[in-house]
Structure formats: structure tokens, C-alpha cells
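What follows is the residue order along each chain.
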Amino acid sequence: MVKPVPGDNEVLVKIHATTVTIGDVIMRSGKHPDSKFYTMVLHLVFGLVGPKRKILGMELAGEIAAVGKNVTRFKQKDPVFGSTFSAKFGAYAEYKCLPEDGILALKPAAISFDEAATIPGGGMTALNVLRKASIQPGQQVLINGASGAVGTNAVQLAKYFGAEVTGVCGATNLQLVKSLGADHVIDYTKEDFTQNEETYDVIFDAVGKISKAHTKKSLKPKGVHLNVLRDSGSKEKTEDLVFLKELIEAGKLKPVIDRRYPMEQIVEAHRYVQKGHKKGNVVITV
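Sequence order as written defines residue numbering, which begins from 1 separately in each chain. For this predicted model, a pLDDT threshold of at least 70 governs which residues receive local features, and a threshold of 80 or more governs which side-chain atom pairs are given and counted, while totals over whole chains, interfaces and linings are taken from all residues. To get the side-chain values, all heavy atoms of the structure are used, and hydrogens and water are removed first.

1. So, the overall build of the protein
The following threshold applies: Per the convention used, a helix needs a DSSP run of H or I reaching at least four residues, while a strand needs a run of E reaching at least two, with both numbered from the N terminus. Taken over C-alpha atoms, the radius of gyration is set against a globule rule of 2.2 Å times the number of residues to the power 0.38. Burial here depends on accessible area, computed with a 1.4 Å probe over protein chains only, as a share of the maximum for the residue type. Under 20% is buried, over 50% is exposed, and the range in between is partly exposed. Contacts between residues were defined by any pair of non-hydrogen atoms, one from each residue, lying within 4.5 Å.
The secondary structure content of the protein amounts to nine helices and 12 strands. The globule rule puts the C-alpha radius of gyration for 286 residues at 19 Å, and the 19 Å found for the protein is close to it. Taken over the C-alpha atoms alone, the protein extends approximately 60 × 40 × 30 Å along its principal axes. The buried share among the 286 residues of the protein stands at 53%. In the protein, 68% of the contacts between residues at least 6 apart in sequence involve partners at least 24 apart.

Here it is as C-alpha cells:
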């Protein structure tokens, strides 16, 4: 392959790890697996007939291989992690050029490249959605889909904000969600949280499958319903990535990896993610 050359205000990242997210699966297939409405939105936003972007991959971790002449934030060999969502994706590659002022930061020192690659997508999505609820210490927060990429981050962030957290997931993931700090867990195969007597200040549907109307009686009078598909549209900010880095370094946030695949097995990785049962994240090593 021909190694890309960074522009004057760009850095060239040698990618060590990326991920397969449900977003990558949607971009590849051109449709959302659970929603015709969001499939239509995707077509409007991305002009999808097939994947408009030839190389997918929305998050990465690696090392700075080269810098443009005007770059001051980074230097060669800096370990970094970041999002390629606003840079036309492209993390399924050996190298990727990113703007110096893009969604890129120095990698947390305490974690591996594999672990760092999982943070930008699910971490920033969970952070941006939860901030819309302005969570206060002591509030009751329920995370539906607590064992996924967004959900595992949401559980930990809600705890950081001082909430009493209930995580909803399948039976095989209850212990994982407890280990992330959830005060209570509900096995959705045995109990429908919308049918019990509990009420919550915030219900965050991290998998986008439950409507606000369906959760109405589970919300307190001034309760907030959040849906990852509806509420995750905030623009990515580098300062949010740095905030997550600081939480990791403080031991308040830890990455969750379900499986690792080499780049040569990326088709198998997509098949696995498309089934909808991954725990946390699926990593591709480059």
C-alpha cells in the first residue's frame, strides 16, 4: 500500500487497533436492524445506497507516524486514540490521516491500544446522552442494554455522576454489569422493568428499542427518557475524549472487550456484532 502523507495541519496515525460497532454494521448494510425509521434517517444523512465510504471503522488507537509542518499538539511516536466519525471513517486500515484539531488525544497510559480503541465511540455517545439529563447525586437511573458498548460506559458514567444505577441486560451479563458498579441488575428475559413498581429519574435506552410511551409509568413525574438513537446527535468534542481519558486514568472508567479479531477476520467480527449479543466491544487488531 502507499502510505498516506499528512497535510500541513494533519497527523498520520499508524493504527494498532480499531473496533466493529453496530454503527459499522449499519453503514455496511445501509439499514438499521431494528428500525425502518432510522434506516430512512441514515439514507438522508449519509446518502446510503451501499456504503458511501469505502473504508469503514469509526474509532482507533495507534501511534503518530508523521506530522504536518504546522502541527504542534502531537509529535512522532505519541500514543493516541480517537474517533474517525467526522473524518469520513477509515479506521479499517494500517494508516489514517486526521486533522490535528480532530477528535484525537493522547492515549491513557494505563490501558492498551486494544482497550483505548473502544472508548471514543461508546464512551462519548454515553457521555453526550447522559449529560442531557443533568444527573444529580442520589437520582435513580436505569440503563437498558447495560452490557453493550454504550451501556457499559453509561453504567460507569452514571455512577460517576452520583446516581443509583439499575442495569438491564441478559442473564449471562448480569455479573459484568454489577462489576461495572451497577447497584441493581434486571434480567430482561425474566422481568420487564416497565411492569414492576419501580420508578426512575432517568431511563436511558442504550440500544434504542424502547419508546418513551412504553416507559411512561416507570418514570417519576419529572423523569427523563433518553434514547441512544434519538439523543446521541451532539457534535463530538475533543475535550470530551480528554475527559474520558482522565476518568480512565483515575480508575473511574474501564473498557470492556468481548472479543478480539485480527484484521484478516473482520468479516467474522461483523457477523458476530450483527447478531446483537456482544458484551462491551469487539476489537480488531491491525
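2. Details of the side chain of Thr118
This is how it is decided: A 3.5 Å cut-off defines polar contacts: any pair of N or O atoms within that distance qualifies, except that in protein one atom must be a possible hydrogen donor and the other a possible acceptor, and neighbouring residues in sequence count only when both atoms are side-chain atoms.
Inspection of the secondary structure assignment puts Thr118 in the loop between α3 (113–116) and α4 (119–131). A polar side-chain atom of Thr118 sits 2.7 Å from the main-chain carbonyl oxygen of Glu115. Those residues in contact with Thr118, other than ones at most four positions away along the chain, are Thr19, Glu59, Pro255, Ile257, Asn281 and Val283.

3. Looking at the nonpolar core
For soluble globular proteins, nonpolar side chains are generally found buried alongside one another. Selection criterion: By nonpolar core we mean a set of buried residues, namely Ala, Val, Leu, Ile, Met, Phe, Trp, Tyr and Cys, connected to one another through side-chain atoms within 4.5 Å.
The biggest cluster of nonpolar side chains holds 43 residues, and the ones touching the most others in it are Leu130, Ile143, Val155, Phe204 and Leu244. By residue number, the principal contributor to this core is α4, which donates six residues. Filtering out sequence-adjacent residues up to four positions away, Val155 remains in contact with Ile143, Ala146, Val165, Val177, Leu180, Gly181 and Ala182. Core analysis: the next-biggest nonpolar cluster, separate from the first, contains 14 residues, Val25, Met27, Phe89 and Tyr272 among them.

4. Focus on the packing of α4 against helix α5 (residues 149–160)
What counts, and what does not: To get an axis, a line is fitted to the C-alpha atoms, and for a helix only the part in contact is used. The angle between two axes follows their N-to-C directions and goes from 0 to 180 degrees. Here roughly perpendicular refers to angles of 65 to 115 degrees, roughly parallel to angles under 35, roughly antiparallel to angles over 145, and oblique to all remaining angles. Left-handed describes a crossing in which the near helix is turned anticlockwise from the far one by less than a right angle; the clockwise case is right-handed.
The contact between α4 and α5 brings their axes to 8 Å, and the two run at 50°. Considering the angle they form, α4 stands oblique to α5. For the pair α4 and α5, the sense of crossing is right-handed. Residues Ile119, Gly122, Gly123, Thr125, Ala126, Leu127 and Leu130 of α4 pack against Ala149, Val150, Asn153, Ala154, Leu157 and Ala158 of α5.

5. A look at the sheet that holds strand β9 (residues 200–205)
Put simply, the rule is: Pairing between two strands is assigned when DSSP locates at least 2 bridges connecting them.
Strands sit in the order β8-β7-β6-β9-β10 across an open sheet of five strands; the sheet is parallel. For this open sheet the edge positions go to β8 (184–187) and β10 (219–227), each flanked by a neighbour on one side alone. The sheet shows a mean angle of 20° between the axes of neighbouring strands, direction not considered. With four bridges joining them, strand β7 (residues 164–169) and β8 adopt parallel strand pairing. The residue bridging Cys169 from the neighbouring strand is Asp187, located in β8.

6. Brief notes about a negative patch on the surface
We count it as follows: Any residue with relative accessible area above 30% and no salt bridge may belong to a patch, with like charges joined within 9 Å and the nonpolar Val, Leu, Ile, Met, Phe, Trp and Tyr side chains within 5 Å. Every accessible area reported is derived by Shrake-Rupley at a probe size of 1.4 Å, with residue values counting cover from the shown protein chains alone. Take a side-chain nitrogen of Lys or Arg and a carboxyl oxygen of Asp or Glu: if they are within 4 Å of each other, that pair is a salt bridge. Under the convention used here, Asp and Glu are negative, Lys and Arg are positive, and both His and the chain ends fall outside the count. Note that the charge is assigned to NZ on lysines, CZ on arginines, CG on aspartates and CD on glutamates.
Together, Glu191, Asp192, Glu197 and Glu198 line one region of the surface with negative charge. Following the sequence through the fold, Glu197 ends up in the loop between β8 and β9.

7. Remarks on the packing of α4 against helix α8 (residues 238–249)
Note the threshold: In the scheme used here, Gly and all other residues not listed as nonpolar or charged are polar, with Ala, Val, Leu, Ile, Met, Phe, Trp, Tyr, Cys and Pro taken as nonpolar and Asp, Glu, Lys and Arg as charged.
It is the contact of α4 with α8, at a shortest axis distance of 10 Å, that shows an interaxial angle of 105°. In terms of orientation, α4 and α8 fall into the roughly perpendicular class. Each of Ile119, Pro120, Gly123, Met124, Leu127, Asn128 and Arg131 in α4 lies in contact with α8, whose residues at this interface are Asp240, Leu241, Phe243, Leu244 and Ile248. The class makeup of the residues in the contact of α4 with α8 is eight nonpolar, two polar and two charged.

8. Observations concerning helix α9 (residues 266–274)
Rule in force here: It is the directions from the helix axis to the C-beta atoms whose arc is reported.
Residues Ile266, Ala269, His270, Tyr272 and Val273 constitute the buried set of α9. Considered in projection along α9, the buried side chains sweep an arc of 160° and stay on one side of the axis. Taken from the residues just after α9, Gly276 is the one with a positive phi, measuring 85°.

9. Overview of the environment of Gly276
Mapped onto the elements, Gly276 comes out in the loop between α9 and β12 (281–285). In sequence terms Gly276 and Val207 are 69 residues apart; their C-alpha atoms lie 9.7 Å from each other.

So, to be careful, I would describe these as geometric facts and stop short of saying anything about function.
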